[in-house]
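The lines below spell out each chain.
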Amino acid sequence: MTATTTAPAAAPQTSAAPRRPSARLRAWATRAPLLPALIFMIVVTQLPFVATLVISFFDWNSLYPDARHFAGFANYQEVLTDPALRKSVWTTVLLTVGVVLASLVIGLLLALLLDRKFRGRAVVRTLLIAPFLVVPVAAALLWKHVLYNPEYGLLNGLLHYVGGPQPDWISGTPLLAVQASLVWQWTPFMMLILLAGLQSRDAQQLEAARVDGASDWQIFVHITLPHLRRYLELGALLGSIYIVQNFDAVFTLTSGGLGTANLPYTVYQTFYQAHENGLASAAGVLVVIGSIVIATFALRVVSSLFREEVSRA
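About the cut-offs
- Residues numbered from 1 in each chain as written.
- Predicted model: local features only at pLDDT ≥ 70, side-chain atom pairs only at ≥ 80, totals over all residues.
- Heavy atoms only, no water.
- Helix = DSSP H or I, 4+ residues; strand = E, 2+ residues; numbered from the N terminus.
- Buried < 20%, exposed > 50% of the residue type's maximum accessible area, 1.4 Å probe, protein only.
- pLDDT = per-residue confidence, 0-100.
- Patch = residues over 30% accessible without salt bridge, like charges linked within 9 Å, V, L, I, M, F, W, Y side chains within 5 Å.
- Areas by Shrake-Rupley, 256 points an atom, 1.4 Å probe, with all protein chains shown as cover.
- Salt bridge = Lys/Arg side-chain N within 4 Å of Asp/Glu carboxyl O.
- UniProt positions renumbered as here; feature names shortened; annotations may be inferred.
- Expected span 1.5 Å × (residues − 1).
- Arc of directions from axis to C-beta.
- Contact = heavy atoms within 4.5 Å.

K.L.:
Hey, could you run me through unusual backbone geometry in this one?
P.N.:
Although it is not a glycine, Ser 255 sits at a positive phi angle of roughly 55 degrees. Along the chain, the position of Ser 255 falls in the loop between α13 (248–253) and α14 (263–272). You can call Ser 255 partly exposed: its relative accessible area is 43%. Residues other than glycine seldom take positive phi values, yet Leu 258 does so here, at roughly 60 degrees. With respect to the helices and strands, Leu 258 occurs in the loop between α13 and α14.

Spelled out as structure tokens, the structure:
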């Protein structure tokens, strides 16, 4: 007779495995340090915009605060139909297109220069970047008094030295004078963007083109320029966002006179001189909407650039 033995039953687990935090909790823990910055951004930027949006629907003159009333879209209709405001929109378009195109062309030439190796390139690059680092109001004052002044300005001094005429630059060509000061300030920005694009070219592709006998002009037209297309678009879009909103140069050089009043200056004039809060708010909202539209295209270009760099890496 054999005895049978049975294995003792497994003891029940007394302690459960530690529970992992859920994915949602981990996501909130990751984003928590950003919440103060997000709240600050909302308070500083979004709440004033909401207040401006609300005021834009009211007929509100600050000289008669008790007479304000809800006007619906009347302010927007007046902004879009008023001849002075429409002229300021056209001036804004001319100012922006002229400055962006000139800055891109000059910036491309300077970027091609700095892409070559020569003695003193670091010093030249620093000097070319300097205008972009100048405070906008200081840059406008520099152009107004040091360069444009008809009596002691540098431009008329050089013309006097060669026996040329002594024009009054601001009175004679006001819009061109504003555009020239902005081109001087924004060309370094375009140059840096395009220089980054030049330095990201495929060196092997350039070397292969040279081995095949391609000239410098053919390399520029068929390789460099197509490669820079995204960078040119990015520079144009970002430059347009900033120049559409430019106020300093117009205010400092011409005070909005002589047909140079762009939309931001007209908003300022409507708000601070005519005291039409509702009308100025409606014009400001339209400026913001236009800037957002341009910024959306700029962000798409930036994201496409990042995707190209990642796929290339």
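Back to the write-up after that little detour.
K.L.:
So what exactly am I meant to see when it comes to the confidence of the model for the protein chain here?
P.N.:
For any part of a model where pLDDT is low, the fine detail of the predicted coordinates should not be relied upon. Across the protein chain, pLDDT averages 81, with 90% of residues at or above 70. Across the protein chain, the secondary-structure element scoring lowest on mean pLDDT is helix α1 (residues 23–31), at 74, and the one scoring highest is helix α9 (residues 174–199), at 91.

K.L.:
Got a minute to help me understand a nonpolar patch on the surface in this structure?
P.N.:
A contiguous nonpolar surface patch, about 950 Å² in accessible area, is contributed by Trp 28, Leu 35, Leu 38, Ile 39, Phe 40, Met 41, Ile 42, Val 43, Val 44 and Leu 47. In terms of residues, the nonpolar patch owes the most to one element, helix α2 (residues 35–55), which gives 9 residues. Its place among the elements puts Leu 47 in helix α2.

K.L.:
Any chance you could explain the UniProt feature "transmembrane region" (unreviewed entry) in the protein chain here in plain terms?
P.N.:
Within this structure's numbering, the places UniProt gives as "transmembrane region" (unreviewed entry) are residues 34–58, 89–114, 126–146, 176–198, 234–258 and 278–302. Secondary structure over residues 89–114 splits into 100% helix and 0% strand, and the C-alpha atoms at its two ends are 37 Å apart.

K.L.:
Looking at this model, I keep getting lost on helix α6 (residues 136–147). Mind explaining?
P.N.:
Because the α-helix completes a turn every 3.6 residues, residues three or four places apart line up on one side. A rise of 1.5 Å per residue sets the reference length of α6, with its 12 residues, at 16 Å; its end C-alpha atoms lie 16 Å apart and thus fit the reference within 8%. Of the positions making up α6, those classed as buried are Ala 139, Ala 140, Trp 143 and Leu 147. Within α6, the buried residues cover an arc of 100 degrees as seen down the axis, which keeps them to one side. Close packing links the buried residues of α6 with α7 (154–161), α9 and α13.

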